[in-house]
Amino acid sequence: MDGAALAQRLREETAREVEELGGLGLATVLVGDDPASHIYIRLKHEAAESVGIAPVDRRLDADVSEAELLQLVENLNGDDEIDGVLVQLPLPDHIDEARVIRAVDPVKDVDGLHPFNAGQLYLGRQTLVSATPLGVMALLTEYRVPVAGARAVVVGRSPIVGKPMALLLLHANATVTVCHSRTEELARHTLDADIVVVAVGIPGLVSADMVKAGAAVVDVGMNRTDAGLVGDVDAGAADVAALLTPVPGGVGPMTIALLLANTVRAARYRRGLLAFPRP
Ligand code: NDP
């Protein structure tokens, strides 16, 4: 499954929507100097600019107080030029991550992490949803992978990937199993699945002998190794699966494309072009 190609098409569509709406802003907040976070922020800014969304770059030192960070989020919430607010995770240990996530105005929460948006997703209602699982669903749709009635296994249960992924698949009528670090005999579950989504962060966790012939396998993992960027699924799985996303060039570009699409959605909500279900 070629995520780079589909992401490019989605970005062109988003660029047209941005032009129609005019003047969108996406604010990112980066705390500290985690090298991976710096790369993600740079990629998000470049992508935003490429579709005409103005990136607003806010950076704070690793030792910033929680109160200062909350004040910055509050200012971004109130800034009319800004449609989306994204706080790059992880945050330093002295900051209560959940509190910061709750501080983002739900209508600007382009990561879909605010408990209100998470609750809307749980209920199967329209809302802002985390970009990565949305990107996975778009790939499955593009490659005409039947989801309704399919057995889907999601490996990983984080609030930003695994859980929203499982819910989107469930709402699309898959029969969903969620696996995690305490799952016994992971292969027993994955071997049974028509769709496998792996979002763990362990290179090669899912090997070819853990995949059912003809399955669709989505590798969300992004692991920096001496051999470069690798996913969580062994490349040999391509010989067994009907469809597999590469790393890089699979889910990564889709995440960025759907983040931009979420910014457009947030702008529509704020401008009253779409009804946002206020708490
Ligand atoms: P987290 O660390 O938050 O979650 C990892 C999950 O994997 C946890 O639920 C954990 O279980 C589970 N897990 C850990 N070990 C095992 C195991 N041996 N077997 C089965 N499950 C296990 O990571 P994220 O969800 O944020 O990210 C996952 C991966 O996806 C990372 O590589 C990340 O870099 C990548 N990523 C890629 C994106 C993209 O755009 N391509 C976007 C976001 C993330 P438990 O809950 O029990 O601890």
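Residues numbered from 1 in each chain as written. Predicted model: local features only at pLDDT ≥ 70, side-chain atom pairs only at ≥ 80, totals over all residues. Heavy atoms only, no water.

All right, on to the domain arrangement of the protein chain then. On domain assignment, one finds that the protein chain holds domain 1 (7–110) and domain 2 (131–253). For domain 1 versus domain 2, the distance between C-alpha centres works out to 27 Å. (Domains from an automatic or database assignment.)

Moving on, we get to the site of the ligand. Taken together, 21 residues surround the ligand, and among them Arg157, Ser158, Ser181, Val220 and Thr255 come closest. The side chain of arginine 157 places a nitrogen or oxygen atom 2.7 Å from an oxygen atom of the ligand. Within the backbone of valine 220, a nitrogen or oxygen atom sits 3.2 Å from a nitrogen atom of the ligand. Within the complex, 69% of the 930 Å² of free accessible area of the ligand lies under protein. Looking at the shell around the ligand residue by residue, the class counts come to 10 nonpolar, 10 polar and 1 charged. (Near = heavy atom within 4 Å. Polar contact = N/O pair within 3.5 Å; in protein donor to acceptor, adjacent residues only side chain to side chain. Areas by Shrake-Rupley, 256 points an atom, 1.4 Å probe, with all protein chains shown as cover. Nonpolar A, V, L, I, M, F, W, Y, C, P; charged D, E, K, R; others polar.)

On to the side chain of serine 37, then. With respect to the helices and strands, serine 37 occurs in helix H2 (residues 35–50). If we skip the residues at most four places from it in the chain, serine 37 touches Leu30, Gln88, Leu89 and Pro90. (Helix = DSSP H or I, 4+ residues; strand = E, 2+ residues; numbered from the N terminus. Contact = heavy atoms within 4.5 Å.)

Bringing the pattern of salt bridges into the picture now. The full count for this structure, using the stated rule, is 11 salt bridges. Among the ionic pairs, arginine 268 bridges to glutamate 17, the shortest N-O distance being 3.9 Å. Separated by 251 residues along the polypeptide, arginine 268 in helix H9 (residues 251–270) and glutamate 17 in helix H1 (residues 3–21) bring together distant segments of the chain. Accessibility expressed as a relative area gives 24% for arginine 268, which makes it partly exposed. The salt bridge involving arginine 59 is made with aspartate 57; its shortest N-O contact spans 3.1 Å. (Salt bridge = Lys/Arg side-chain N within 4 Å of Asp/Glu carboxyl O. Buried < 20%, exposed > 50% of the residue type's maximum accessible area, 1.4 Å probe, protein only.)

Let us now look at the environment of leucine 70. Mapping leucine 70 onto the fold places it in helix H3 (residues 66–78). With relative accessibility at 18%, the residue leucine 70 sits in the buried group. Spatially, the C-alpha atoms of leucine 70 and leucine 121 are 25 Å apart, while their sequence positions differ by 51 residues. Apart from residues no more than four positions distant in its own chain, leucine 70 is found in contact with Arg99, Val100 and Ala103.

With their axes 8 Å apart at the nearest point, helix H6 (residues 131–142) and H9 run at an angle of 110° to one another. Compared by their axis directions, H6 and H9 come out roughly perpendicular. Contacts from Ala131, Thr132, Leu134, Gly135, Val136, Ala138 and Leu139 of H6 reach H9 at Val251, Met254, Thr255, Leu258, Leu259 and Asn262. Its residues placed into classes, the contact of H6 with H9 shows 9 nonpolar, 4 polar and no charged. (Axes fitted to C-alpha atoms, helices over the stretch in contact; angles between N-to-C directions. Parallel < 35°, antiparallel > 145°, perpendicular 65-115°, else oblique.)

Look at the link from leucine 89 to proline 90: it is a cis peptide, with omega at 0°. Within the secondary structure layout, proline 90 lies in the loop between strand E3 (84–87) and helix H4 (97–103). The omega torsion of the bond from valine 247 to proline 248 falls at -5°, within 30 degrees of zero and hence cis. Note that proline 248 resides in the loop between strand E10 (243–244) and H9. Of note in this structure, arginine 144 is not a glycine but carries a positive phi near 50°. Locating arginine 144 in the fold gives a position in the loop between H6 and strand E4 (151–155). The exposed category is assigned to arginine 144, whose relative accessible area is 73%. Of note in this structure, glutamate 185 is not a glycine but carries a positive phi near 55°.

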